[in-house]
Amino acid sequence: MSVVLISALPAAAAEPASASASRPAAGVVNPKQVYSYDIMVRDLKQLEETYPGLIRLHAIGESEYGRDIWAADLGLGDAYVMLNGSHHAREWITTILIMSMLDHYAQAYVRNETWNGAPVRDLLHRVTFRFVPMVNPDGVTLQQFGLSAFPEEARADLIAMNGGSSNFKRWKANAKGIDLNRQYPADWENINQPGSGPYYMNYRGKEPLAAKEAQAMAEATKETNPEIAVAYHSSGEIVYWHFHTKPEHVARDRAIATRYAGMTGYRLVQPAANPSGGGYTDWFIQSFGRPGLTAELGRPAGETNVPLSEWERIWPRHRDTGWMLAGEAYNLWLARQTAAYASGEIRLTAAQPAHRWPDHRSAKLGTLYPGRYKLLRTKGGWAEIATEAGPRWAWAGRSPSGTFEPLGGIPVRLAPDMAQYLSPLDAAPAPQPLDVPSATALERWNDWIMVVTPQGTRWVKEADLIGD
């Protein structure tokens, strides 16, 4: 029997994305502008549309004035890194950083780029980034556009909270006058200079998590259960990493903060005996017992937003920090996983090192080449497989496993517009599709067909094949 490939059918929402020739070469996000809430929402929706299956949007709550607080998930792994920006209104350059990371990392996945010699596709199959680019959309909107963006009946109160001024460029709080980064239940009672009432900065609120935005962040963090959390702020080029950290965690957390500081050139803030609490990462460190960083991105700007001219200084320092954090998060997550016996087979889709243990840092025992292997055990995205030299561990996050049906080399044709994948578990097609018209179908896995040509191997959807 022979089969002929026809045009790709649309992929279901839960399936990997189909091929797209319209991936934006320069990206979606323009960082060199006053980056408003509306621009962010537009860009988020365009990114989700451009990278379906890889980027997923959801609202984690609403602001005091009803604006959605958006989160964007990037990646397919079980270990989470949670990054947030714009707790403070005038610090919206942090939103630009998060949106640029989201855009850049999605492009890197599609292009099958590497970081430190490892494919970022593999990393994004181990880890998921949960980005919350603008925790305080009301405050950012007030700082950027002033009273015109708010109901007329609220304007007198906003002016009063701003010390009688109608110039809101110094505004840090949410639009109810609560400083969101003093709202978390981490030694909240002893915050330094808490303020006596709603104000443009520093007022901690009547109780922890009184503000809707802080409530949303706390609930989203509990739901996410991240391995590492980072809150970006904007002024000082320093890194906070310690808040009453347990002695057994200090060396671990310091090592991660030191790696981050080494990449950014920022100074680590030394632990204080009586730090003022209430901050997001203060709460995260204390409640989760995991690493939390608070990074101040730019040089001191006084009581206003960091100027956009600082972007050319900020971005090169942070471009790859997410990859480092993802690797650290995965190692933390993997350490809690246990090995389980498995059956069936697994197909490695690319050559990779064989390891003694399910850890990239363990001893390497030669190379495992693409092919089917008997599956022995699994652990956190790793597979122990049987080889002629004995059991070996391989990273298996992009390798299908289960039952494979041999097809015996049935002839097929590859249409020019057909989506071709390096692995059926990928969320984006191969960056360089094969350009030969004919191939042979080697085997079936679920609803995927593995095709082989003199140029290489690809996976295609079975729904795109019909018989003569």
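How each quantity is defined
Residues numbered from 1 in each chain as written. Predicted model: local features only at pLDDT ≥ 70, side-chain atom pairs only at ≥ 80, totals over all residues. Heavy atoms only, no water. Helix = DSSP H or I, 4+ residues; strand = E, 2+ residues; numbered from the N terminus. Rg over C-alpha atoms; globule rule 2.2 N^0.38 Å. Buried < 20%, exposed > 50% of the residue type's maximum accessible area, 1.4 Å probe, protein only. Areas by Shrake-Rupley, 256 points an atom, 1.4 Å probe, with all protein chains shown as cover. Lys, Arg positive; Asp, Glu negative; His and termini not counted. Charge placed at Lys NZ, Arg CZ, Asp CG, Glu CD. Pairing = 2+ DSSP bridges. Contact = heavy atoms within 4.5 Å. Axes fitted to C-alpha atoms, helices over the stretch in contact; angles between N-to-C directions. 1 Å grid on protein atoms, 1.4 Å probe; cavity = no way out; pocket = protein on both sides within 12 Å on 5 of 7 lines; lining within 4 Å. Points joined across faces, edges and corners; volume = space filled by probe spheres on them. UniProt positions renumbered as here; feature names shortened; annotations may be inferred.

1. Comments concerning the overall build of the protein
Moving on, step 1. Secondary structure summary: the protein contains 10 helices and 24 strands in total.
Moving on, step 2. In terms of overall dimensions, the protein is globule-like: its C-alpha atoms have a radius of gyration of 25 Å, near the 23 Å expected for 468 residues.
Moving on, step 3. Taking the principal axes of the C-alpha coordinates as reference, the protein spans close to 80 × 50 × 35 Å.
Moving on, step 4. Within the protein, buried positions represent 56% of all 468 residues.
Moving on, step 5. Working note: accessible area of the protein is about 19400 Å², and carbon and sulfur atoms make up 50% of it.
Moving on, step 6. Each charge class in the protein can be summarised by its mean position, and for the 46 positive and 49 negative side chains these summaries are 5 Å apart.

2. Concerning the sheet that holds strand S11 (residues 292-298)
Moving on, step 1. Sheet architecture is open: eight strands sit in the order S2-S3-S7-S4-S8-S11-S9-S10, paired in mixed fashion. Since the sheet does not close on itself, it has two edges, and those belong to strand S2 (55-62) and strand S10 (267-268), each with one partner.
Moving on, step 2. Here strand S9 (residues 238-240) runs beside S10; their pairing, made up of two bridges, is parallel. By the bridge assignment for S10, Ile238 is matched with Arg267.
Moving on, step 3. Against the sheet, helix H8 (residues 280-288) makes contact with strand S4 (79-84), strand S8 (228-235) and S11, and its axis sits at roughly 160° relative to S8, the strand it touches most.

3. What about the layout of surface pockets?
Moving on, step 1. Size it by volume and the largest pocket reaches roughly 1000 Å³.
Moving on, step 2. As for the largest pocket, its lining consists of 44 residues, of which Ala118, Pro119, Asp122, Arg126 and His360 are closest to the centre.
Moving on, step 3. Contributions of two or more residues to the lining of the largest pocket are made by strand S6 (118-119), helix H3 (120-126), helix H7 (247-264), helix H10 (321-334), strand S13 (345-348), strand S14 (352-355) and strand S23 (456-461).
Moving on, step 4. At seven residues, the largest contribution of residues to the lining of the largest pocket is made by H10.
Moving on, step 5. Taken as a whole, the second largest pocket encloses approximately 780 Å³ of empty space.
Moving on, step 6. In this structure, the second largest pocket is lined by 34 residues; those nearest its centre are Asn181, Tyr240, Ser276, Thr294 and Glu296.

4. Quick look at the environment of Thr281
Moving on, step 1. For Thr281, the location among the structural elements is in helix H8.
Moving on, step 2. Overall, the relative accessible area of 5% leaves Thr281 in the buried class.
Moving on, step 3. Considering only alpha carbons, one finds Thr281 and Thr294, 13 residues apart in sequence, at a separation of 6.6 Å.
Moving on, step 4. If sequence neighbours within four positions are ignored, Thr281 has contacts with Ala229, Ala231, Gly292, Leu293 and Thr294.

5. Observations concerning the UniProt feature "active site" (unreviewed entry) in the protein
Moving on, step 1. Following the UniProt record, one finds the feature "active site" (unreviewed entry) at Glu296.
Moving on, step 2. By the secondary structure assignment, Glu296 is in strand S11.
Moving on, step 3. Not counting the four nearest positions on each side in its chain, Glu296 is found in contact with His233, Ser234, Ser235, Gly236, Glu237, Ile238, Tyr240 and Tyr266.

6. Some remarks on the pairing of strand S16 (residues 371-379)
Moving on, step 1. In this structure, strand S12 (residues 340-341) lies alongside S16, joined through two bridges in antiparallel fashion. Its bridge partner lying in S16, Tyr341 is registered against Arg377.
Moving on, step 2. Strand direction decides the pairing type here: S13 and S16, joined by four bridges, are antiparallel. Across the sheet, residue Leu348 finds its bridge partner in S16, namely Gly371.
Moving on, step 3. Relative to strand S17 (residues 382-387), S16 runs antiparallel, the two being bridged by five bridges. Paired with Leu375 across the strands is Ile385, a residue of S17.
Moving on, step 4. Hairpin connection of S16 to S17: two residues between the antiparallel strands, including Gly380 at a positive phi of 50°.

7. Structural notes on the sheet that holds S23
Two pairing modes exist for strands in a sheet, parallel and antiparallel, and in both the strands are linked by backbone hydrogen bonds.
Moving on, step 1. Pairing is antiparallel in the open sheet, where four strands are placed in the order S20-S21-S22-S23. Each edge of the open sheet carries a strand with a single partner, namely strand S20 (405-413) and S23. Strand after strand, the sheet turns through a mean of 30° between neighbouring axes, direction not considered.
Moving on, step 2. Pairing geometry for strand S21 (residues 438-445) and strand S22 (residues 448-453), over five bridges, is antiparallel. Counterpart to Thr440 in the pairing with S22 is Val452.

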